[in-house]
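# Architecture and fold: a report
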Amino acid sequence: MNILLKLAYLFFLGSVAGWCMEVIFRRFFSSANPERKWINPGFCTGPYLPLYGSGLCILYLIASLEELHLFHNDVVNKLMLFLAMTILMTVIEYIAGYLSLKINKVRLWDYTGQWGNIQGIICPKFSLIWGILGAIYYFFIHPHILSSLDWLGRNLAFSFFIGVFFGVFIIDVAHSLQIVSKLKKYAVENNVILRYEHVKAQIRRSAEENAKKYHFFRPFSTEKPLAEHLKELRDTLEQRRK
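Keep in mind that this is a model prediction, so the values were computed, not measured.

Attention shifts here to the overall build of the protein. When its secondary structure is counted, the protein shows seven helices and three strands. Listed N to C, the secondary structure of the protein is α-α-α-β-α-α-β-α-α-β in terms of helices and strands. For the protein, the spread of C-alpha atoms along the three principal axes comes to 60 × 45 × 30 Å. Per-residue burial over the protein gives 40% buried out of 242 residues.

Given below as structure tokens:
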């Protein structure tokens, strides 16, 4: 089976599964959500997180390297695989966060309060979590991924649904970029860095205070102009460094 189709399939699986994980984590475990609200995480509005989709592709490719037996000792071989997973996932997280911060002036997530963080984009705690997730993937998920890819190879008609997913995903990304462009304009004009999740939380609070309906899958949909919500957040906005 074509490697591009495999990666497209894994991106689809990882994006959707990652979104589900984040929704559950933020609802029940996140300290940033003391009110235990249901939160639609991430950059896009649909039920998928591209970072996790890219991550699953990377984990699959790294786990496949085990067949090369780069190290004679099996334990060392596995440890190096987990280390590679940790490093590459952290690099992907940093690149995505850095580009959003520098190009769009929007902070998609914030690790500023975490020990050893770099620019609030990555930190040792979450790098360790990536390593743990990599180990979980290798021992418990990778065998099922191989079986799933074998199933896909025998049922290529399913690739139609993968194509539909990417069609919807591309439209969603284009829509989300329009929202980000508005946030960037405000950030540049006011010389600030916007926290993406804080803006969504402010819109939710405003809807609840005014007894208005809050749209889970359209968190930026509101009767008030986006600029008004941003003005209400002014005291908590992060000043850009010269």
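For helix H3 (residues 74–104), which comprises 31 residues, the first-to-last C-alpha distance of 44 Å matches the rise-based estimate of 45 Å (1.5 Å per residue) to within 8%. Here H3 has its buried residues at Asn77, Lys78, Leu81, Phe82, Met85, Thr86, Met89, Thr90, Glu93, Gly97, Ser100 and Leu101. Residues of H3 that are buried sit in contact with helix H2 (50–64), strand E1 (106–107), helix H4 (124–154) and strand E2 (192–195). Of the residues that open H3, the one with a side-chain oxygen 2.9 Å from the backbone nitrogen of Val75 is Asn73.

For the structure on display, the rule yields eight salt bridges. We note a salt bridge from Glu22 to Arg26, for which the minimum N-O separation is 3.0 Å. Separated by four residues within a single helix, Glu22 and Arg26 lie in helix H1 (residues 3–28), roughly one turn from each other. By relative accessible area, which is 18% here, Arg26 ends up buried. The closest approach of N and O atoms between Lys200 and Glu197, which form a salt bridge, is 3.4 Å. Note that Lys200 and Glu197 are positioned in helix H6 (residues 196–209) at a spacing of three residues, about one turn of the helix. The pair Lys200 / Glu197 is uniform in exposure class, with both members buried. Through salt bridges that share partners, Glu22, Arg26, Glu197 and Lys200 make up one connected network.

On to unusual backbone geometry. Peptide bonds are, in most cases, trans, and in most cases residues other than glycine have a negative phi. Unusually for a residue other than glycine, Lys105 sits at a positive phi of about 60°. Mapped onto the fold, Lys105 is located in the loop between H3 and E1. The exposure class of Lys105 is buried, given its relative accessible area of 16%. With phi around 55°, Asn191 is a residue other than glycine that occupies positive phi space. Relative to the assigned elements, Asn191 resides in the loop between helix H5 (159–190) and E2. On the accessibility criterion, Asn191 (24% relative accessible area) is partly exposed.

A full pass over the atoms with the stated rule returns 27 aromatic pairs. Every member of this aromatic cluster is reached through a ring pair, and the members are Tyr9, Phe11, Phe12, Tyr48, Trp151, Phe158, Phe160, Phe161, Phe165, Phe166 and Phe169. Directly above the ring of Phe28 sits Arg27, whose terminal nitrogen or CZ lies 4.9 Å from the centroid. Cation over ring: Arg27 sits above Trp38, and NZ or CZ is 5.0 Å from the ring centre.

Quick notes on the rules
All residue numbers refer to positions counted from 1 along the written sequence of the respective chain. In keeping with the predicted nature of the model, local features appear solely for residues at pLDDT of at least 70, side-chain atom pairs appear and are counted solely at 80 or more, and the whole-chain, interface and lining totals rest on all residues. To get the side-chain values, all heavy atoms of the structure are used, and hydrogens and water are removed first. The numbering of helices and of strands both runs from the N terminus, where a helix is a DSSP run of H or I of at least 4 residues and a strand a run of E of at least 2. Only protein chains enter the calculation, and the probe is 1.4 Å; a residue is then buried if its accessible area is under 20% of its type maximum, exposed if over 50%, and partly exposed in between. In a helix, the anticipated span is given by 1.5 Å times the number of residues less one. The contact criterion used throughout is that any non-hydrogen atoms of two residues lie within 4.5 Å. Whenever two N or O atoms come within 3.5 Å, that pair is a polar contact, provided that in protein one can donate a hydrogen and the other can accept it, and provided that, for residues adjacent in sequence, both atoms are side-chain atoms. Throughout this description, the term salt bridge denotes a Lys or Arg side-chain nitrogen within 4 Å of a carboxyl oxygen of Asp or Glu. In this scheme Phe, Tyr and Trp rings, the latter by its six-membered ring, pair at centre separations within 6.5 Å, and the angle between planes marks the pair as stacked below 30 degrees, edge-to-face above 60, and tilted otherwise. Lysine and arginine charges are scored as sitting over a ring when NZ or CZ, respectively, is within 6 Å of the ring centre and within 35 degrees of the ring normal.

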